[in-house]
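Listed below are the residues making up each chain.
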Amino acid sequence: MLEQKTIDIIKSTVPFLRENGTELTKEFYRMLFINHPELQGMFDMEKQKSGQQPTNLAGAILAVAENIDTLEKILPAIEKIGVTHVKKNVLPEQYPIVGHTLLEAMKTILGDLATDELLEAWGKAYEIIAKIFIDIEDNIYKKQ
């Protein structure tokens, strides 16, 4: 589990995410599609254009930040997203790409506020969330 200092750093980003989460996720998707166009087919481009997908992702990231010390509260939502990931054939090796891109988007949007400490904390949090997703999705793939 995460150290209290890491939890505190993640929770300190909640106000930013409430105000700027969609800006962050729009930048994330922009960077992801430029640097990894092979992943674009996994996303609903109509939801990209309408802004629904960036808004949904921003909400998910905010939920993680708010509940980083009680992830069991958001486990049902994670499981639901995991089902969607399996339908899109998301693979474990794609999670590091997404994590790296998310941190790069944070650097871009936060600028000088994206300290090494903040990025390290979010990197640790992402590793935990990615592991949860990978485990859930592995179980679903095995049942198929």
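Note: the structure precedes this text.
Here's a quick rundown of the structure. (Residues numbered from 1 in each chain as written. Predicted model: local features only at pLDDT ≥ 70, side-chain atom pairs only at ≥ 80, totals over all residues. Heavy atoms only, no water.)

**Structural notes on the overall build of the protein chain**
Thought 1: When its secondary structure is counted, the protein chain shows seven helices and zero strands.
Thought 2: Along the protein chain, helices (α) and strands (β) appear in the sequence α-α-α-α-α-α-α when read from the amino end.
Thought 3: Taking contacts inside the protein chain between residues at least 6 apart in sequence as the whole, the part at least 24 apart equals 80%.
Thought 4: Once the 16 positive and 22 negative side-chain charges of the protein chain are each reduced to a mean point, those two points are 6 Å apart. (Helix = DSSP H or I, 4+ residues; strand = E, 2+ residues; numbered from the N terminus. Contact = heavy atoms within 4.5 Å. Lys, Arg positive; Asp, Glu negative; His and termini not counted. Charge placed at Lys NZ, Arg CZ, Asp CG, Glu CD.)

**Remarks on the environment of I129**
Thought 1: Position of I129 among the secondary structure elements: in helix α7 (residues 116–143).
Thought 2: In this structure I129 comes out as buried when scored by relative accessible area, which is 9%.
Thought 3: Each C-alpha atom, one on I129 and one on H100, is 14 Å from the other, the two residues being 29 residues apart in sequence.
Thought 4: With residues up to four places along the chain from it excluded, the contact list for I129 reads V64 and L71. (Buried < 20%, exposed > 50% of the residue type's maximum accessible area, 1.4 Å probe, protein only.)

**What to know about the packing of aromatic side chains**
Thought 1: The full count for this structure, using the stated rule, is five aromatic pairs.
Thought 2: Aromatic pair F28 and Y29: ring centres 5.0 Å apart, planes at 65 degrees, arrangement edge-to-face.
Thought 3: For Y29, a relative accessible area of 5% translates into the label buried.
Thought 4: Through a chain of ring-to-ring contacts, the aromatic side chains of F28, Y29, F33 and F43 assemble into a single cluster. (Phe/Tyr/Trp six-rings, centres within 6.5 Å; stacked < 30°, edge-to-face > 60°.)

**What to know about unusual backbone geometry**
Thought 1: Located in the positive-phi region is N89, a residue other than glycine, with phi close to 60 degrees.
Thought 2: Mapping N89 onto the fold places it in the loop between α5 (75–87) and α6 (95–110).
Thought 3: On the basis of relative accessibility, which here comes to 48%, the residue N89 falls in the partly exposed class.

**Observations regarding the nonpolar core**
Thought 1: Grouped together as the largest cluster of nonpolar side chains are 42 residues, with contacts concentrated most on I10, L17, F43, I68, L102, M106 and W122.
Thought 2: Among the elements of the structure, α1 (4–12), α2 (14–35), α4 (52–66), α6 and α7 are those that each provide at least two residues to this core.
Thought 3: Considering every element that reaches this core, the biggest residue donor is α7, with 10 residues.
Thought 4: Once residues lying within four places of it in the same chain are set aside, the contact partners of W122 are I10, T13, L17, I61, V64, A65, L103 and M106. (Core = buried A, V, L, I, M, F, W, Y, C linked by side-chain atoms within 4.5 Å.)

**Overview of α5**
Along an α-helix, residues three or four positions apart point the same way, because every turn accommodates 3.6 residues.
Thought 1: Relative to the 18 Å expected for 13 residues at 1.5 Å per residue, α5 spans 19 Å between its end C-alpha atoms, a close match to the ideal helical length.
Thought 2: By the burial criterion, the buried members of α5 are I78, G82, H85 and V86. Viewed end-on, α5 has its buried residues packed into an arc of 95 degrees, placing them on one side of the element. Turned more than 90 degrees from where α5 packs its buried face, P76, K80 and K87 sit exposed.
Thought 3: On its buried face, α5 is in contact with α6 and α7.
Thought 4: Phi turns positive, to about 60 degrees, at N89, one or two residues after α5. (Expected span 1.5 Å × (residues − 1). Arc of directions from axis to C-beta.)

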